[in-house]
Amino acid sequence: MKVKKEEYFQQLSDAVVNMEEEKAVAIAVQVVEQHIDAFEAIEKGLSDGMTRAGKLYEEEEYFIPELLLCADAMYAGLDVLKPHLKVSGEAKGKIIIGVVEGDTHDIGKNIVKMMLETAGYQLIDLGRDVPPQRFVTVAKAEQAQMIAAATLMSTTMDKMEHIIKLLETEGLRGKCKVVVGGGPVSPAFAKKIGADAYAENATEAVRITKDLVSC
Amino acid sequence: MLTPKARLLKVLNRQAVDRPPVICTGGMMNAAIIEIMNSTGHTLPEGHVNSHIMAQLAADIHQFTGFENIGIPFCMTVEAEILGSAVSYGTLSCEPKVTQEKYRTLAEVHPEDITHMLMQGRVQVVLDAIREAAAAHPEIPVIGNICGPVSLAASLVDPLALLKGLRKDKASAHRVFAYVSALLGKLACLMVENGAAVISIGDPTATGEILGPELFEEYAVRYINQIINSIHESQTDVIVHICGNMNRVRHLLPAIQADAISVDALVDLRKLKDDFPQMIVMGNVSTYLLQNGPADKVSATVQRLVEQGVDIISPACGLSTSTSISMIQAMTNAVRD
């Protein structure tokens, strides 16, 4: 008897939540063999699993290592399914992401990037230790709708304000939203420097992005 | 009248003192602010590589700010550098950082001879600076700063691969942690031999928010304790700084065998003291407040901490290099008055 496609989706989702990379690949292969729609399997299987993992992270059941392993399982399944997408899905929006100059801690930034990609956005990752001007130059060249800037160090927070001032100088402030986050950053700080939003964690970053970036 | 050194050591050994010491350990929590460096000419990044400038700058900080210690060095990259990761020394206002970890995965890590490694890089610079400062200021405690094991492992191996490996490749992870912890223990003992009165361990990657309680216990607590034990063998007290809000790892704090626990601004120290009356706690003046002031708010915050019975008053985290001397003086004077 043929297994229902919903069951495959559930198994994909579970493989992601349970950090089972090999299982995610095995199920994804079966999905392809059964001619089940790859887009649906990504959306209702892999992506759903990542949303569940994000929820566990918010509830402090999962932490960064678990979230990273869930993402590995998701990406592994994605690699199998992607070539079988009938139409490539249009990205929901373009986002520049990076850790501000002076800080080389990029764990949080990578998590946010991964969650935003999972949610369908196109991410341009400038890496860590990024000067304010570079955020703005790339945002301008790429016509990005949003800049997501992170720092883990209180000593580098003023660079975030610098990004916003540079955007204003370039006349891009209205077109490009700015979201800030990271350990020492607070909603009050975000408001003070004129950022559009503060994201406390990766799942919140996705929610905020959905509000701020619409095409 | 107690000397600053006697006062700090008494507090760390749970003996009564006239008032809490006010210190800034150095290392990741240093106070090498631009205003001081510009007025004395003992500047960074030169002070990261020249032992005399390092010692002078550390003494300048003590003199200008009123912090009752001398903290050496001013970064967390000395260890990563000798382990073979690429390091940039930064600028006057930007601290040094690891630009490229040596390994991509935990399994690739190939341990080298620790004694030989401790003769490389800037280890001697740091030891010379400690010796010079301790000789010149016998009444002031020189605090030797080392990186914590999780942060050092994350400076040796790509941080994301490291974090995944803590779950996925536990055998390699424990092998790497044993390696970096042995190195850190030996480095700390060299600091003690050269005159460090206290050792401070800063492990910003080892937070409950990043690791969760299970891995925090398995790696952070276990290996921090291993390092503390080797320092205790040379009869020296240890301060451990834990970043983050600690909500999920709070119950594990008593398991850390440090002589004092230093915490981030997010932690309610009064509650921490209530929960763990035996613990010597240190903290936690917001560095954001110190940067922006106003001074009377800094004083009020410090007075509240003293009233709450906080054992050692200190900034909660690394200071911004643009913090002003006057704001730090507001902090240290509030403890002394």
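Residues numbered from 1 in each chain as written. Chains lettered and ligands numbered in written order. Predicted model: local features only at pLDDT ≥ 70, side-chain atom pairs only at ≥ 80, totals over all residues.

Engineer: Describe the overall build of chain A, and please don't skip the residues or the numbers.
Structural biologist: When you go through chain A residue by residue, the secondary structure sums to 9 helices and 5 strands. For chain A, the α and β elements follow one another from N to C terminus as α-α-α-α-β-α-β-α-β-α-β-α-β-α. Its C-alpha atoms give chain A principal-axis dimensions of roughly 65 × 35 × 25 Å. With 215 residues in all, chain A has 55% of them scored as buried. (Helix = DSSP H or I, 4+ residues; strand = E, 2+ residues; numbered from the N terminus. Buried ≥ 20, exposed ≤ 12 C-beta atoms within 10 Å, placed from the backbone.)

Engineer: Could you give me a rundown of unusual backbone geometry, with the residues and numbers involved?
Structural biologist: Cis geometry marks the peptide bond from L44 of chain B to P45 of chain B, where omega comes out at 5°. Structurally, P45 of chain B can be placed in the loop between α2 (34-40) and α3 (51-65). Across the junction of I72 of chain B and P73 of chain B, the peptide omega takes the value -10°, indicating a cis bond. By the secondary structure assignment, P73 of chain B is in the loop between β1 (70-72) and α4 (78-82). Even without being a glycine, M19 of chain A presents a positive backbone phi close to 65°. With respect to the secondary-structure elements, M19 of chain A resides in the loop between α1 (5-17) and α2 (21-33).

Engineer: Could you give an account of the sheet that holds strand β9 (residues 312-315) of chain B, naming the residues involved and the relevant values?
Structural biologist: Whether parallel or antiparallel, the strands of a sheet pair through hydrogen bonds between backbone atoms. All names here are of chain B. Read from one edge of the open sheet, 7 strands run β1-β4-β5-β6-β7-β8-β9, paired in parallel fashion. The sheet terminates laterally at β1 and β9, the two strands that pair on one side only. Each strand axis lies, on average, 25° off the axis of its neighbour in the sheet, ignoring direction. (Pairing = 2+ DSSP bridges. Axes fitted to C-alpha atoms, helices over the stretch in contact; angles between N-to-C directions.)

Engineer: Go over helix α10 (residues 208-233) of chain B, please, and point to the residues and values.
Structural biologist: Residues and elements named next belong to chain B. Relative to the 38 Å expected for 26 residues at 1.5 Å per residue, α10 spans just 28 Å between its end C-alpha atoms, considerably shorter than the ideal helical length. Taken as a whole, α10 carries its principal kink of about 95° at L215. Once α10 finishes, Q235 follows within two positions and takes phi at roughly 55°, a positive value. (Expected span 1.5 Å × (residues − 1). Bend = angle between axes of the 7 residues up to and from the residue.)

Engineer: Explain the nonpolar core residue by residue, including any values.
Structural biologist: Residues and elements named next belong to chain A. Formed by 195 residues in total, the largest nonpolar core has its most connected members in V16, C70 and I147. Counting only domains with at least three residues in this core, you end up with domain 1 (5-84) and domain 2 (94-212). Excluding residues that lie within four positions of it along the chain, C70 makes contacts with V16, V17, M19, G49, M50 and A53. (Core = buried A, V, L, I, M, F, W, Y, C linked by C-beta atoms within 7 Å. Domains from an automatic or database assignment. Contact = placed C-beta atoms within 7 Å.)

Engineer: How would you explain the interface of chain A and chain B if you had to name every residue and give the values?
Structural biologist: Counting from both sides, the interface comprises 15 residues of chain A and, opposite them, 21 residues of chain B. When contributions to the side of chain A that touches chain B are tallied by element, the ones reaching two or more residues are α4 (64-81) and α5 (107-118) of chain A. At 5 residues, α4 of chain A tops the list of elements feeding residues into the side of chain A that touches chain B. Grouping the amino acids of the side of chain A that touches chain B by side-chain chemistry returns 8 nonpolar, 5 polar and 2 charged. (Nonpolar A, V, L, I, M, F, W, Y, C, P; charged D, E, K, R; others polar.)

Engineer: Hey, could you go over the sheet that holds strand β4 (residues 177-181) of chain A for me, with residue numbers and the actual values?
Structural biologist: Residues and elements named next belong to chain A. The 5 strands are arranged β2-β1-β3-β4-β5 in an open sheet whose pairing can be described as parallel. Strands at the two margins of the open sheet, each flanked by one partner only, are β2 (122-125) and β5 (197-199). Strand-to-strand twist in this sheet, taken as the mean axis angle between neighbours without regard to direction, amounts to 25°. Summarising the sheet, strand β1 (residues 94-99) and β2 pair through 4 bridges and their orientation is parallel. In the sheet register, I96 faces β2, and the bridge partner there is I124. Strand contacts of α5: β1, β2, β3 (146-150) and β4, with the helix running at about 165° to β1, the strand carrying the most contacts.

Engineer: Could you give an account of the domain arrangement of chain A, naming the residues involved and the relevant values?
Structural biologist: Residue and element names in this part refer to chain A. Taken domain by domain, chain A holds domain 1 (5-84) and domain 2 (94-212). For domain 1 versus domain 2, the separation of C-alpha centres amounts to 27 Å. Taken together, the contact pairs 9 residues of domain 1 with 8 residues of domain 2. Looking at the side of domain 1 that touches domain 2, the elements with two or more residues in it are α3 (38-58) and α4.

Engineer: Any chance you could break down the pairing of strand β8 (residues 281-285) of chain B for me, citing the residues and the numbers?
Structural biologist: Residues and elements named next belong to chain B. Within β8, 5 of the 5 residues are buried, leaving the element largely enclosed by the surrounding structure. By the bridge criterion, 2 bridges tie strand β7 (residues 260-263) to β8 in an arrangement that is parallel. By the bridge assignment, I261 is partnered in β8 with V281. One crossover worth recording links β7 to the parallel β8 by way of helix α11 (residues 269-275), and it is right-handed. Across 4 bridges, the pairing between β8 and β9 is parallel. Its bridge partner lying in β9, M282 is registered against I312. (Right-handed = clockwise from strand over helix to strand, strands pointing away.)

Engineer: Tell me what's going on with the packing of α3 of chain B against helix α6 (residues 123-136) of chain B, and back it up with residues and numbers.
Structural biologist: Residue and element names in this part refer to chain B. For the pair α3 and α6, interaxial distance at closest approach is 8 Å and the crossing angle is 45°. In terms of orientation, α3 and α6 fall into the oblique class. Taken as a pair, α3 and α6 cross one another with a handedness that is right-handed. Residues S51, H52, M54, A55, A58 and A59 of α3 form the contact with α6, whose participating residues are V125, D128, A129, E132, A133 and A136. Its residues assigned to classes, the contact of α3 with α6 comprises 8 nonpolar, 2 polar and 2 charged. (Parallel < 35°, antiparallel > 145°, perpendicular 65-115°, else oblique. Left-handed = near helix turned anticlockwise from the far one by under 90°.)

Engineer: Now, about the environment of L163 of chain B: what can you tell me, with residues and values included?
Structural biologist: Mapped onto the fold, L163 of chain B is located in helix α8 (residues 159-168). Residue L163 of chain B is classed as buried on the basis of its C-beta count, with 28 C-beta atoms lying within 10 Å. C-alpha of L163 of chain B to C-alpha of A255 of chain B: the two residues are 92 residues apart in sequence and 22 Å apart in space. Aside from chain neighbours lying at most four places away, what touches L163 of chain B is I64, P65, L68 and I107 of chain A.

Engineer: Before we move on, could you go through helix α7 (residues 158-169) of chain A and cite the residues and values that matter?
Structural biologist: Residues and elements named next belong to chain A. Across its 12 residues, α7 extends 17 Å between first and last C-alpha, which sits within 8% of the 16 Å expected from 1.5 Å per residue. For α7, the full list of buried residues reads M160, I163, I164, L166 and L167. For α7, the arc enclosing every buried residue in end-on projection is 160°, short of the 170-degree limit, so these residues lie on one face. Next to the buried residues of α7 lie α6 (132-142), β3, β4 and α8 (187-193). (Arc of directions from axis to C-beta.)

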